[in-house]
Amino acid sequence: MTEEFLKCKLGFLGNTEGSAYLSQGKSTVCVSVVGPFEPKASKCMYDRATVDVTFRRKTGSITVHDKMLEGIMQSTCEKALIVEQYPRTTIVVTVQEMQDRGNLLSTCLNASCMALMNSGIAMHHLFAAVSCAVTEKEEIIINPDESQINSSVSYFTLVFANAETRCLLTSHTIGEFSQKTYMDCMDKCYAASKEVFNFYKNVIKNSYIFN
């Protein structure tokens, strides 16, 4: 992945603890993080924070598919945050689609991780999402464009933690594939995730330099 493929701006929204504007290829999303703050009594958990992730489309109503993507984002963020450190509070993550030209889920997840990093909320680990498409000839394309996704026989979004050993956090798949194909995709996506983590590191380093 080149710097032209991934571009990010941190902390650009006011009245938030953290925010990230991420372009990944031709897809762009904006994520804000608010909290931890005291929630309504009905949402309060005495031993941990609740995490509320909301996904918003640029235009139109949220579909059933969008709600599924929202659930994947929420479970991934919950796994990453040290929610036990913030009992009786709520952390709200709002993901706003700006442009969808493929790989929207991985773009949303990577932007969410960067916004959480920017917020300073304690995390067990960072996470990086990588998407790939498998062609009819069983060629694996990392970060496929919109036409490659539409013509693929299967499509994967895999999320990894920045752990010492390979740790798969989330797996979202579409289409038919063999176990071997899945493992080959995991290997290639895991290698690509290291580049995403390096991108995170460079963005944080540069943000300190400019601040």
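Figured I'd write up the structure that's included with this text. (Residues numbered from 1 in each chain as written. Predicted model: local features only at pLDDT ≥ 70, side-chain atom pairs only at ≥ 80, totals over all residues. Heavy atoms only, no water.)

1. Brief notes about the overall build of the protein chain
Put simply, the rule is: We count a stretch as a helix when DSSP gives it H or I for four or more residues in a row; a strand needs E for two or more, and each element gets its number in order from the N terminus. The globule rule is 2.2 Å times the number of residues to the power 0.38, and the radius of gyration it is compared with is taken over C-alpha atoms. Contacts are assigned to residue pairs with any non-hydrogen atoms lying within 4.5 Å of each other. Charge assignment in this entry is limited to Lys and Arg as positive and Asp and Glu as negative, and neither His nor the chain termini are counted. By convention, the charge on Lys lies at NZ, on Arg at CZ, on Asp at CG and on Glu at CD.
In terms of helices and strands, the protein chain carries four helices and nine strands. Secondary structure elements of the protein chain occur, N-terminal to C-terminal, as β-β-β-β-α-β-α-β-β-α-β-β-α. For the protein chain, whose C-alpha radius of gyration is 17 Å, the value lies close to the compact-globule estimate of 17 Å for 211 residues. Taking the principal axes of its C-alpha atoms as reference, the protein chain extends roughly 55 × 40 × 40 Å. Sequence separation of at least 24 residues holds for 64% of the intrachain contacts in the protein chain that already meet a minimum separation of 6. Looking at the protein chain, you have 20 positive and 22 negative side-chain charges, and the mean spots of the two groups are 4 Å apart.

2. Observations concerning unusual backbone geometry
Omega for the peptide link from G35 to P36 comes to 0°, which places this bond in the cis form. You can see P36 is positioned in strand 3 (residues 27–37). Phi at N15 takes a positive value of approximately 60°, unusual for a residue other than glycine. Residue placement: N15 occurs in the loop between strand 1 (6–10) and strand 2 (18–24).

3. Focus: the sheet that holds strand 7 (residues 140–142)
What counts here: Pairing between two strands is assigned when DSSP locates at least 2 bridges connecting them. Here, axes are lines fitted to C-alpha atoms. For helices the fit covers the stretch in contact, and angles between N-to-C directions go from 0 to 180 degrees.
The four strands are arranged 7-6-8-9 in an open sheet whose pairing can be described as antiparallel. With one partner strand each, in any of the chains shown, strand 7 and strand 9 (168–175) form the two edges of the open sheet. If you compare each strand with its neighbour and ignore which way they point, the axes differ by 20° on average. Two elements, strand 6 (residues 127–134) and strand 8 (residues 154–161), share eight bridges in a ladder whose sense is antiparallel. Pairing of S131 across the sheet is with T157, part of strand 8. The strands that helix 1 (residues 64–80) touches are strand 6, strand 8 and strand 9; relative to strand 9, the one it contacts most, it runs at about 165°. Here helix 2 (residues 104–119) sits on the sheet and contacts strand 6, strand 8 and strand 9; the angle it forms with strand 6, its principal contact strand, is near 170°.

4. Quick notes on the nonpolar core
The test is simple: Residues belong to a common nonpolar core when they are buried Ala, Val, Leu, Ile, Met, Phe, Trp, Tyr or Cys residues joined through side-chain atoms within 4.5 Å. Buried means the residue's accessible area, taken with a 1.4 Å probe over protein chains only, is under 20% of the maximum for its type, while exposed means over 50%, and partly exposed covers the values in between.
Counting residues in each nonpolar core, the largest one holds 60 residues, and the members touching the most others are M73, L81, V95, L116, M123, F127 and Y200. Among the elements that line this core, the one with the most residues is helix 4 (residues 179–210), at 11 residues. In contact with M73, other than residues within four places in its own chain, are V53, F55, V95, L105, C108 and L109.

Keep in mind that these numbers describe shape and distance, not what the molecule does.
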